[in-house]
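Fold and geometry: a report
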Amino acid sequence: MKPVAFWGALAAVLAAGLALTSVVANEYYYNALYVILQATMMAVAWNILGGFTGYVNFGSAGFFAIGAYTTVALNKALGLPLPLLILAGGAVGGLVGLGLGYLTLRLKGVYFAIATLAMAIVVETLVNNWSYVGGAKGSYMLTPEKHLWFDSYIQMLFVVMLLLTLSAVAVSRALSSSRLGRGLAAIRDDEVAAECAGVPTLRLKLVSTTVMGAMMGIAGAPFPYFVTYVEPGSAFSLFIAVNAIAMPMIGGTAHWLGPVIGALLVGTTQEIVKVTVSSEMNVLIVGVMLVVFITLAPQGIVGVARKYLRRRAA
Amino acid sequence: MSDELLRVGKLGKRFGGFVALDNVSLTVRAGERLGLIGPNGSGKTTLINCITGALFNDQGTIHFDGRDVTLLPPFQRARAGMARTFQIPRPFRSMTVLENLQVPLEYAARGPSGRRAVDEALEVLEVIGLRERAQEDSARLTQIDMRKLELARAMAAKPRLLISDEAMAGLSSNEVDDVLGILRRLNDTGITIIMIEHIMHAVMRFSERVICLDAGQIICEGTPQSIVQDAGVQRAYLGA
Ligand SMILES: Nc1ncnc2c1ncn2[C@@H]1O[C@H](COP(=O)(O)OP(=O)(O)OP(=O)(O)O)[C@@H](O)[C@H]1O
Ligand SMILES: [Mg+2]
């Protein structure tokens, strides 16, 4: 995608989001859109490590919850405003990502994936026993009175999430066509060959886990304000972790656009089924879609589209 | 001393109980063309793996350009100026042929990024004869083109020492001549070359000095002429 087209598209989406807030008042839509955007950001973040670098992370919910609970803790301790809480969530998520990368530097494949799962379990156990943030019982967040010029707090939160998600997409795209992105792709393709071509694989892996962690922390930071009542069950939910893996796989992991397409497709389907059938179906939907894509189109939607375009060109 | 580029001292490498390299010592002068021969399984690739850091040696030392690199990770050795091809091609399969060269240009050679890197990569592809394949997926190349890509990727690292591990296997005799010419020209610009090859006439024609490995040990070293006449070498090859 040409830079002009890309930035034009981002601006158009942002403008459409802002326009929506002055036309539609029904809160249901903002709730649904927020959930889809949050999932998109998580998918984009997962893809930086899982897609670009080739390291599968099962612990996404842990990073997300780290962002959410950073908000809970800092809001209670210092009463920080949302922008600072988002920065803090990103910082803590990034640090934990760096730590995870450091502890798992020599682990590959399935061992790395299991280590990420273990990390999420450890964090969940800690939060369950940390009474300051509510422990297993959870804690309430007061919705702030002020919401800029928006009609309601959820409208503002939706626009915040839209901005964050668009930024994440821009970062992911910039990364994928940069020197750093080529280094990550070299790691994914062949670590030994990458090293022999001068790529500092261990260092780049740390960069990748850090960026992934920071992005997920940021995605989780506004969550307590969105749900107003946070408990470990919702912050560490299987749904979040499964979506973060499945959406990029369905959309295609090799390209920055893959997780975006996958998240929009799966996320929208889930929201529609949630109102027409039931929310119990959500994990089932993503599970079925994932199986279908892995068997029929392992390269995801972007992969299928590329193959089609190449055939037309040839 | 000053023109010594690589010194391998008493190198040892085991795989479990199997001794793959046993007390291997050698030096390579800057600007030299060294041939490395030996029967299948004699340890040639293992030696290259240890020199470039793809495998860590159990015993011995490796000095490159006067610096002890024995414990350095491969990427630092690459940045210091070592480049190699892989006997079994290992392209970056998700990348185009062009992008495969951008990686060593940007990382090992720490050259420019972006447009200039692309131009330089295209120049290398021109030399190696893969210019028309630049935009193709590297995973879709033929085995022979993958071999050429291996060589191109090593060249793109702008090395001081280039190690070619059977880069010519499967090539037609015209193509072998082409590759020999390319390596010769690289050598003319001052790049030291270690060539591993089973195509005997190619090694003999190319090398100033040849080392023969058998069962993990150096059994003979000398000019191409003296190697051909060496009884041990003949026994190793006929026995193999
Ligand atoms: N990673 C490994 N693990 C176990 N054994 C290995 C490994 N790599 C090589 N070997 C063994 O070490 C010996 C030397 O192998 P190496 O590949 O170095 O031989 P070579 O001289 O390059 O042979 P060829 O001419 O067939 O390429 C062989 O017996 C091989 O089976
Ligand atoms: Mg070999």
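Now for a description of the structure that goes with this document. Just so it is clear, the structure is predicted and the values come from calculations on it, not from any experiment. (Residues numbered from 1 in each chain as written. Chains lettered and ligands numbered in written order. Predicted model: local features only at pLDDT ≥ 70, side-chain atom pairs only at ≥ 80, totals over all residues. Heavy atoms only, no water.)

Concerning the coordination of the magnesium ion (ligand 2)
Basically, it comes down to this: Each metal's donors comprise the N, O and S atoms found within 2.8 Å of it (within 3.2 Å for Na, K or Ca). Water is not part of the atom list, so some coordination spheres may appear incomplete. Secondary structure elements follow DSSP: runs of H or I no shorter than four residues count as helices, runs of E no shorter than two count as strands, and numbering proceeds from the N terminus.
Protein coordination at the magnesium ion (ligand 2) comes from B:Thr45 (OG1) and B:Gln87 (OE1), with a distance range of 1.9 to 2.0 Å. Of this pair, B:Thr45 sits in helix 1 (residues 44-52) while B:Gln87 sits in the loop between strand 6 (82-84) and helix 3 (97-106); the two residues are 42 residues apart in sequence, bridging distant segments of the chain.

Let's talk about a nonpolar patch on the surface
The test is simple: Patches here are clusters of residues that have more than 30% relative accessible area and form no salt bridge, with a 9 Å joining cutoff for like charges and a 5 Å cutoff for nonpolar side chains (Val, Leu, Ile, Met, Phe, Trp, Tyr). Per-residue and other accessible areas follow the Shrake-Rupley method at a 1.4 Å probe size, with only the shown protein chains counted as cover for residues. Salt bridges, as used here, are contacts in which a Lys or Arg side-chain nitrogen is within 4 Å of a carboxyl oxygen on Asp or Glu. Only protein chains enter the area calculation, which uses a 1.4 Å probe; residues under 20% of their type maximum are buried, those over 50% are exposed, and those in between are partly exposed.
Together, A:Val277, A:Met281, A:Leu284, A:Val288, A:Val292 and A:Leu296 line one region of the surface with nonpolar side chains, adding up to about 550 Å² of accessible area. According to the relative accessible area criterion, A:Val292 is partly exposed, its value standing at 39%.

Focus on the packing of helix 2 (residues 27-52) of chain A against helix 12 (residues 238-251) of chain A
Residue and element names in this part refer to chain A. Convention followed: To define axes, lines are fitted to C-alpha atoms, for helices over the stretch in contact only, and angles between the resulting N-to-C directions are given on a 0 to 180 degree scale. Each angle gets one of four labels, with under 35 degrees taken as roughly parallel, over 145 as roughly antiparallel, 65 to 115 as roughly perpendicular, and the rest as oblique. In this scheme the handedness of a crossing depends on how the near helix is turned from the far one: anticlockwise by less than a right angle means left-handed, clockwise means right-handed. Residue contacts follow a heavy-atom distance rule, with two residues in contact if any of their heavy atoms lie within 4.5 Å. The residue classification treats Ala, Val, Leu, Ile, Met, Phe, Trp, Tyr, Cys and Pro as nonpolar and Asp, Glu, Lys and Arg as charged. All others, Gly included, are polar.
Direction vectors running N to C along helix 2 and helix 12 enclose 65°, while the axes themselves pass 8 Å from each other. Judged by the inter-axis angle, helix 2 sits roughly perpendicular to helix 12. In this structure, the crossing between helix 2 and helix 12 has a hand that is right-handed. Where helix 2 abuts helix 12, its residues Gln38, Ala39, Met42, Ala43, Trp46 and Asn47 lie against Ile240, Ala244, Ile245, Met247 and Pro248. Along the lines of polarity and charge, the residues of the contact of helix 2 with helix 12 split into nine nonpolar, two polar and no charged.

Overview of the pairing of strand 8 (residues 192-196) of chain B
All names here are of chain B. Spelled out, the test is: Strands qualify as paired when DSSP identifies two bridges or more between them. Here is how to tell: hold the view so the strands point away, follow the path from the first strand over the helix to the second, and if it runs clockwise the crossover is right-handed.
Extensive coverage of strand 8 is indicated by the burial of five of its five residues. Here strand 8 shows two buried faces, one formed by Thr192, Ile194 and Ile196 and the other by Ile193 and Met195. Pairing of strand 3 (residues 33-37) with strand 8 involves four bridges; the strand directions are parallel. Across the sheet, residue Leu34 finds its bridge partner in strand 8, namely Ile194. In this region the chain leaves strand 7 (residues 161-165), passes through helix 6 (residues 173-188) and returns to the parallel neighbour strand 8; the handedness of that crossover is right-handed.

Describing the pattern of salt bridges
Per the counting criterion, the structure on display carries 19 salt bridges over all chains. Where B:Asp145 meets B:Arg133, a salt bridge forms, and the shortest distance between an N and an O atom there is 3.0 Å. Of the two residues, B:Asp145 is situated in helix 5 (residues 143-156) and B:Arg133 in the loop between helix 4 (115-128) and helix 5; the sequence distance between them amounts to twelve residues. Judged by its relative accessible area of 10%, B:Asp145 falls in the buried class. Judged by relative accessible area, which is 34%, B:Arg133 ranks as partly exposed. For B:Glu175, the salt bridge is made with B:Lys148, and the minimal N-O distance between the two is 3.2 Å. With B:Glu175 in helix 6 and B:Lys148 in helix 5, this pair connects stretches of sequence that are 27 residues apart. Judged by relative accessible area, B:Lys148 falls into the buried class, the value being 15%. One salt-bridge network, in which partners are shared between bridges, spans A:Lys108, A:Glu191 and A:Lys205.

A short note on the site of ligand 1
All names here are of chain B. Inclusion rule: To be near a molecule or strand, a residue needs just one of its heavy atoms within 4 Å of it. Side-chain atoms alone can form a polar contact between residues adjacent in sequence; in general such a contact is a pair of N or O atoms within 3.5 Å, and within protein one must be able to donate a hydrogen while the other accepts it.
Looking at ligand 1, there are 14 residues lining it, with Gly41, Lys44, Thr45, Thr46 and Gln87 nearest. At a separation of 2.9 Å, an oxygen atom of ligand 1 approaches a polar side-chain atom of Asn40. Between Gln87 and ligand 1, the recorded distance is 2.8 Å, taken from a side-chain N or O atom to an oxygen atom. Surface burial for ligand 1 is 61%, taken as the share of its 630 Å² of free accessible area covered by protein chains. When contributions to the shell around ligand 1 are tallied by element, the ones reaching two or more residues are strand 2 (18-29) and helix 1.

Considerations on the nonpolar core
Here is a general trend for soluble globular proteins: nonpolar side chains tend to be buried in one another's company. Put simply, the test is: Buried Ala, Val, Leu, Ile, Met, Phe, Trp, Tyr and Cys residues that are joined via side-chain atoms within 4.5 Å together make up what is termed a nonpolar core.
Ranked by size, the top nonpolar core spans 82 residues in total, and within it A:Tyr69, A:Leu82, A:Val199, B:Phe92 and B:Val103 carry the most contacts. At 15 residues, helix 6 (residues 153-176) of chain A tops the list of elements feeding residues into this core. With 39 residues, the next largest nonpolar core counts B:Leu122, B:Leu183, B:Leu186 and B:Phe206 among its residues.

Description of the packing of helix 12 of chain A against helix 14 (residues 282-296) of chain A
Angle between the axes and distance between the axes are the two parameters that describe a pair of packed helices. All names here are of chain A. As a packed pair, helix 12 and helix 14 sit with axes 10 Å apart at the nearest point and diverge in direction by 30°. Here helix 14 runs roughly parallel to helix 12, going by the angle between their axes. Considering only the axes of helix 12 and helix 14, their crossing is left-handed. Counting all contacts with helix 12, which are made through Phe239, Val242, Asn243, Ala246, Met249 and Ile250, the residues of helix 14 involved are Asn282, Val283, Val286, Met289, Leu290 and Phe293. Tallied by class, the residues present in the contact of helix 12 with helix 14 amount to ten nonpolar, two polar and no charged.

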